Amino acid sequence: MRANIDILSFAWEQLRSKWLVAIGLVLLHAVISSVIGSVGFGLGTLLLSGALSFGFNRTMVQLYRGQTPAFETYFDGFRQFLPTLILFLLVTAISVVAMFFLIIPGIIAAVGLSQSFYVLQDRPELGAVEALKESWRLVWTQGRFWKVVGMGFLSLFVILLGVVALGVGLFFAVPVVAVAGAGLYEELKGGHTIDFGA
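Residues numbered from 1 in each chain as written. Predicted model: local features only at pLDDT ≥ 70, side-chain atom pairs only at ≥ 80, totals over all residues. Heavy atoms only, no water.

A. Focus on the side chain of Thr59. The topology assignment puts Thr59 in helix H3 (residues 43-64). Under the relative-accessibility criterion, Thr59 is labelled buried at 0%. A polar side-chain atom of Thr59 sits 2.6 Å from the main-chain carbonyl oxygen of Phe56. Apart from residues lying up to four places away in sequence, Thr59 is in contact with Leu25, Pro69, Thr73 and Tyr74. (Helix = DSSP H or I, 4+ residues; strand = E, 2+ residues; numbered from the N terminus. Buried < 20%, exposed > 50% of the residue type's maximum accessible area, 1.4 Å probe, protein only. Polar contact = N/O pair within 3.5 Å; in protein donor to acceptor, adjacent residues only side chain to side chain. Contact = heavy atoms within 4.5 Å.)

What follows is the structure, encoded as structure tokens:
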């Protein structure tokens, strides 16, 4: 399995000719998420975040795979609205309940379920509950929990570098971190072979 730094490096390489697409998608996701967050005292976030996460993750996976996602791909989650809504509610509820009891169980739950939307966008036929189970399996198989945590710290470091670079660096840091997150999913599932030497 590739090291996290190699996944990040490959994500950067994949974006060499696609920076405008990636930056555009990140900005689109940020703006829409902000707008829906102001609707109905959080009701917009509750209802639509699942569908938007589905679509955003799908575009990032496509970028990591060397594809150029179409604009409308971002809205693919609305074709799976009910499963994405259920998945979002389940992930949120489980994480909040676990965090309520103790911080450590909350972190364990959040990390274990972190791949749920990647799984669902890749295999929508599974549905919400099975996507949760598959995420948990991917993260906990062969000690991969710490790999996911490690990618989280690496991503945070890259974001901080973007902030230090007068904030302008965030236009590059956020997309590369998002694509690397998709790359982590690809590595965990081991179902998509990519030549990192290409």
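B. Representation of the packing of helix H8 (residues 145-164) against helix H9 (residues 170-189). Interhelical geometry of H8 versus H9 gives an angle of 170° and a closest axis separation of 8 Å. One finds that H8 runs roughly antiparallel with respect to H9. Contacts from Lys147, Val148, Met151, Ser155, Val158, Ile159, Gly162 and Val163 of H8 reach H9 at Leu170, Ala173, Val174, Val176, Val177, Ala180, Leu184 and Leu188. Class assignment for the residues of the contact of H8 with H9 results in 13 nonpolar, 2 polar and 1 charged. (Axes fitted to C-alpha atoms, helices over the stretch in contact; angles between N-to-C directions. Parallel < 35°, antiparallel > 145°, perpendicular 65-115°, else oblique. Nonpolar A, V, L, I, M, F, W, Y, C, P; charged D, E, K, R; others polar.)

C. How the structure looks around the pattern of salt bridges. Counted under the stated rule, the structure contains 10 salt bridges. One salt bridge in this structure joins Arg123 and Glu125, with 3.8 Å as the shortest N-O distance. Taking the relative accessible area as the measure of exposure, Arg123 reaches 35% and is therefore partly exposed. Glu125 gets classed as exposed once you look at its relative accessible area, which sits at 61%. Here Glu186 and Lys189 are joined by a salt bridge, their closest N and O atoms 3.7 Å apart. Taken together, the residues Glu186 and Lys189, both in helix H9 and 3 residues apart, mark about one turn of the helix. With a relative accessible area of 2%, Glu186 lands in the buried category. The network of salt bridges with common partners includes Arg65, Asp122, Glu186 and Lys189. (Salt bridge = Lys/Arg side-chain N within 4 Å of Asp/Glu carboxyl O.)

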